[in-house]
Amino acid sequence: AQSVTQPDIHITVSEGASLELRCNYSYGATPYLFWYVQSPGQGLQLLLKYFSGDTLVQGIKGFEAEFKRSQSSFNLRKPSVHWSDAAEYFCAVALPNFGNEKLTFGTGTRLTIIP
Amino acid sequence: DAGVIQSPRHEVTEMGQEVTLRCKPISGHDYLFWYRQTMMRGLELLIYFNNNVPIDDSGMPEDRFSAKMPNASFSTLKIQPSEPRDSAVYFCASANGGRLSYEQYFGPGTRLTVT
């Protein structure tokens, strides 16, 4: 069965520092890959997505992610974080088969920003 | 557009009572998803609909849970009878068709507490 792993439960970074959140998937074929963000007390919002093609994808709020097939990874990055980036981040995968529109979410990484 | 609307935002009920959660998806979206989020189990897909038809309800925990979508603009998730272990945040999300079904727009959630 497809699975997605976020090895870091909680990360703390200083405002202005760079950020990388890890995501690994376990699946026979390359799935579709996504990053969602959840601010406190709110629902999830899509940050970026990868279906195929260019392995470096740009998203909203200055985030980017790089798909690395050899490592089965889809890590999220941001060169300089802002206090407003404090939230929980979820990596998600989808099986690209007709009739399956389900997302499988990782367990999330909570990001704390310190001044 | 107002986004996905969920009601109530908070619900506190006693064990054994019936609970009904409501969702209004974004107009024009073909897909509607119900998720449950807990600390222990993370974000779980309960059921999803395409054009008001349930497609996959394999995530519904047991017969106490039921979901309906009588028309394109309204869905309900009902728990009868409720139990303390049902305490969670329940999210509704909607999406367009095709690969866009993975680009899900989440509502703010309903926080359910069963005492």
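The model shown is predicted, which means the values in this text are computed figures rather than measured ones. (Residues numbered from 1 in each chain as written. Chains lettered and ligands numbered in written order. Predicted model: local features only at pLDDT ≥ 70, side-chain atom pairs only at ≥ 80, totals over all residues. Heavy atoms only, no water.)

**Notes on the overall build of chain A**
In terms of regular secondary structure, chain A is built from 0 helices and 12 strands. Each helix and strand of chain A, ordered N terminal to C terminal, gives the series β-β-β-β-β-β-β-β-β-β-β-β. Here chain A has a C-alpha radius of gyration of 14 Å; the compact-globule value for 115 residues is 13 Å, and the two agree. Seen along its three principal axes, the alpha-carbon backbone of chain A occupies a region of about 45 × 30 × 25 Å. Across the 115 residues of chain A, 48% fall into the buried class. Put simply, 54% of the contacts in chain A that link residues at least 6 apart link residues at least 24 apart. Surface exposure of chain A reaches about 5,600 Å², of which carbon and sulfur atoms provide 50%. (Helix = DSSP H or I, 4+ residues; strand = E, 2+ residues; numbered from the N terminus. Rg over C-alpha atoms; globule rule 2.2 N^0.38 Å. Buried < 20%, exposed > 50% of the residue type's maximum accessible area, 1.4 Å probe, protein only. Contact = heavy atoms within 4.5 Å. Areas by Shrake-Rupley, 256 points an atom, 1.4 Å probe, with all protein chains shown as cover.)

**Focus on the sheet that holds strand 8 (residues 74-79) of chain B**
Residue and element names in this part refer to chain B. Reading across from one edge, 1-3-8-7 is the order of the 4 strands in this open sheet, with antiparallel pairing throughout. Each edge of the open sheet is held by one strand with a lone partner, namely strand 1 (5-7) and strand 7 (65-71). Averaged over all neighbouring strand pairs, the angle between strand axes comes to 15°, with direction disregarded. In the sheet, strand 3 (residues 19-24) pairs with strand 8 via 5 bridges, with the strands oriented antiparallel. Bridge pairing in strand 8 links Thr20 to Lys78. (Pairing = 2+ DSSP bridges. Axes fitted to C-alpha atoms, helices over the stretch in contact; angles between N-to-C directions.)

**Comments concerning the side chain of Glu44 of chain B**
Residue and element names in this part refer to chain B. Following the sequence through the fold, Glu44 ends up in strand 5 (residues 42-50). For Glu44, a relative accessible area of 16% corresponds to the buried category. A distance of 2.8 Å separates the side chain of Glu44 from the side chain of Arg41, its partner in a polar contact. Those residues in contact with Glu44 that lie beyond four places of it in its chain are Trp34, Tyr35 and Arg36. (Polar contact = N/O pair within 3.5 Å; in protein donor to acceptor, adjacent residues only side chain to side chain.)

**Thoughts on the interface of chain A and chain B**
Taken together, the 22 residues of chain A in the interface contact 19 residues of chain B. Of the roughly 1,700 Å² buried between chain A and chain B on both sides combined, carbon and sulfur atoms contribute 56%. Summed over the three residues of chain A that lose the most area to chain B, namely Leu44, Glu101 and Lys102 of chain A, the buried surface amounts to 34% of that side. In this assembly, chain A and chain B are joined by 2 salt bridges. Ionic pairing is found between Glu103 of chain B and Lys49 of chain A, a salt bridge with its closest N-O pair at 3.5 Å. Scanning the region where chain A abuts chain B turns up 5 residue pairs in polar contact (both at pLDDT 80 or more). Those elements that provide at least two residues to the side of chain A that touches chain B are strand 5 (32-38), strand 6 (44-50), strand 10 (87-94) and strand 11 (103-105) of chain A. The element contributing the most residues to the side of chain A that touches chain B is strand 5 of chain A, with 4 residues. Its residues assigned to classes, the side of chain A that touches chain B shows 12 nonpolar, 7 polar and 3 charged. (Buried area = accessible area lost by both parts, 1.4 Å probe. Salt bridge = Lys/Arg side-chain N within 4 Å of Asp/Glu carboxyl O. Nonpolar A, V, L, I, M, F, W, Y, C, P; charged D, E, K, R; others polar.)

**Describing the pattern of salt bridges**
Residues and elements named next belong to chain B. Evaluation of the coordinates by the stated rule reveals 15 salt bridges over all chains. Residue Glu83 pairs with Arg85 through a salt bridge whose shortest N-O separation is 2.5 Å. Three or more residues joined by partner-sharing salt bridges are found here, namely Glu62, Arg64, Glu83, Arg85 and Asp86.

**Things to note about unusual backbone geometry**
A cis amide bond links Ser7 of chain B with the next residue in sequence, Pro8 of chain B, at an omega value of -10°. Omega for the peptide link from Gln80 of chain B to Pro81 of chain B comes to -5°, which places this bond in the cis form. Take Pro81 of chain B: it is sitting in the loop between strand 8 and strand 9 (88-95). Phi at Lys61 of chain A takes a positive value of approximately 60°, unusual for a residue other than glycine. Residue placement: Lys61 of chain A occurs in the loop between strand 7 (56-58) and strand 8 (64-68). You can call Lys61 of chain A partly exposed: its relative accessible area is 45%. Its identity is not glycine, yet Ser72 of chain A carries a phi of approximately 50°, on the positive side.

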